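Chain by chain, the residues run as shown.
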Amino acid sequence: MNLIIRNGHVIDPSQDIDGLCDILIGDGKIAELRRHKAGVRNKKINAGERGEMNAGEVQTIDAAGMYVLPGLVDMHVHLREPGFEYKETIKSGTYAAIRGGITSVCCMPNTKPVNDNASVTEFIVRNAASEGACSVFPVGAVTKGQKGEELAEMGMMRDAGCVAFSDDGRPVMDSLVMRRALEYSKILGVPLISHCEDLVLAAGGVMNEGLLSVTLGLKGIPGQAEEIMISRDIALAELTGGRLHIAHVSTAGSVALIRAAKKRGIARVTAETCPHYFSITEKAVEGYNTNAKVNPPLRTEKDVEGIMEGLADGTLDVIATDHAPHHHDEKMGEFDLAPSGISGLETAISLSIRLVEKGVLSMSGLIEKMALNPARIMGIDRGSLRPGLPADVVILDHKKQYRVDASRFLSKGKNTPFDGMLLHGLPVITLVNGKVYTWD
Ligand code: DOR
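Colleague: Requested: an account of the overall build of the protein, with residues and values cited.
Modeller: Of regular secondary structure, the protein possesses 14 helices and 18 strands. Here the C-alpha radius of gyration of the protein, 21 Å, is about what a compact globule of 440 residues would show, namely 22 Å. On the principal axes, the C-alpha backbone points of the protein span a range of 70 × 45 × 45 Å. Summarising the internal contacts of the protein: among those between residues at least 6 apart in sequence, 74% fall at separations of at least 24. Just so you have it, the protein exposes about 16,900 Å², and 51% of that area is on carbon and sulfur atoms. Within the protein, the 55 negative side-chain charges are centred at a point lying 4 Å from the centre of the 48 positive side-chain charges.

Printed below as a string of structure tokens:
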């Protein structure tokens, strides 16, 4: 099938494009981008050009008034399969992703069994190829069973398709194991994604530590539980020269540590945050709202400001969702016992586009953090509209207002603190390898 997306406002930081363009798509790939002359709509496609595109029927999509973006790349997603299919499957999770304009997901290894060997990786790759609505890139576990003791067979898993390693959901508490993992990551040329949490300091905590946790009678997790581990991991990245990527940064103090490390230029460190850390605070937990229970926990106003500063000045390279779907029944239990996590794929772009309105990021800067940078960090050839790449494209109606209705999520996980919130900015069409999905 050949296709032309006309008259859209194309943003592609990989090619420095921010303006009206037509995109020609052939055989599931980007064939060409044609920039409009200032303010002029391009003429209709003629027969000769159809010939160039090497097909009879050319479908046209008019994207006037819309943003046309590279399909977003989410480097931090829990797809739950194998083992927790009642929470999410590769199929439901990838459909949720494309509904949210995300066309590539990297899936975390805390499945059952854990993705700590090549057979589990192969299962995910195979299943994603047959069931998945978008590209799936597995992240392998750093240690066997994510126990933090013995390194997993990282080389074999890389060969089977893992693009990075992480024990996400848990930190690697043993500094020597972490050191070795960083050394291997360097040899393998892949990033090591660190879930930074000092388990001893955080023990038993279920929300941010502060006046509110005391008032609610809940055990808190201080920001330092994250910051201590970030400091350690930066030191280990300096020691080893390994590629460290810090997951789900939640505090202003963490941003300051990463900023300083980048300034020194010794460690190869990158970092991500998630929409919930710059959109809401610990106040969302009031009323014992388990849908606002997440790890690391939602923090304070000061932290939200720190995160936004980190995004603005480039300290934080990536916005990822940490999509963590859980079953309604589990989330409906007592706050202390409910699992942590937010179902984030279907609200990420609308929450993040608010950063553009606030002047924190330009639209191009936003797409850098949601498509180009994660693709580069993970070493995957996506996040760009360069000719020759798979035609993964999202057409975004940035003005379209809607009220979040979690019951209508394509994800099985309806656990979101944003349910009922008025947002705007919705994908109207998502293309994956040139295949068109239209959303109402
Ligand atoms: O809130 C979280 N949920 N944080 C994590 O690190 C893991 C995730 C999960 O797997 O549910």
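Colleague: Which residues make up the packing of helix α2 (residues 90–99) against helix α3 (residues 118–131), and what values go with them?
Modeller: Between α2 and α3, whose axes approach to 9 Å, the crossing angle comes to 60 degrees. One finds that α2 runs oblique with respect to α3. When you trace α2 past α3, the crossing you get is right-handed. Where α2 abuts α3, its residues Ile90, Lys91, Thr94 and Tyr95 lie against Ile124, Asn127, Ala128 and Glu131.

Colleague: Lay out the sheet that holds strand β6 (residues 72–77) in plain terms, naming residues and giving numbers.
Modeller: Strand order in the open sheet formed by eight strands is β6-β7-β8-β9-β10-β13-β14-β15, and the pairing between neighbours is parallel. Edge positions in the sheet fall to β6 and β15 (318–319), since each has one partner strand and no second. Summarising the sheet, β6 and strand β7 (residues 102–107) pair through four bridges and their orientation is parallel. Counterpart to aspartate 74 in the pairing with β7 is valine 105. Strands β7 and β8 (135–140) of the sheet are contacted by α3, whose axis makes an angle of about 170 degrees with β8.

About the criteria used
Residues numbered from 1 in each chain as written. Predicted model: local features only at pLDDT ≥ 70, side-chain atom pairs only at ≥ 80, totals over all residues. Heavy atoms only, no water. Helix = DSSP H or I, 4+ residues; strand = E, 2+ residues; numbered from the N terminus. Rg over C-alpha atoms; globule rule 2.2 N^0.38 Å. Contact = heavy atoms within 4.5 Å. Areas by Shrake-Rupley, 256 points an atom, 1.4 Å probe, with all protein chains shown as cover. Lys, Arg positive; Asp, Glu negative; His and termini not counted. Charge placed at Lys NZ, Arg CZ, Asp CG, Glu CD. Axes fitted to C-alpha atoms, helices over the stretch in contact; angles between N-to-C directions. Parallel < 35°, antiparallel > 145°, perpendicular 65-115°, else oblique. Left-handed = near helix turned anticlockwise from the far one by under 90°. Pairing = 2+ DSSP bridges.

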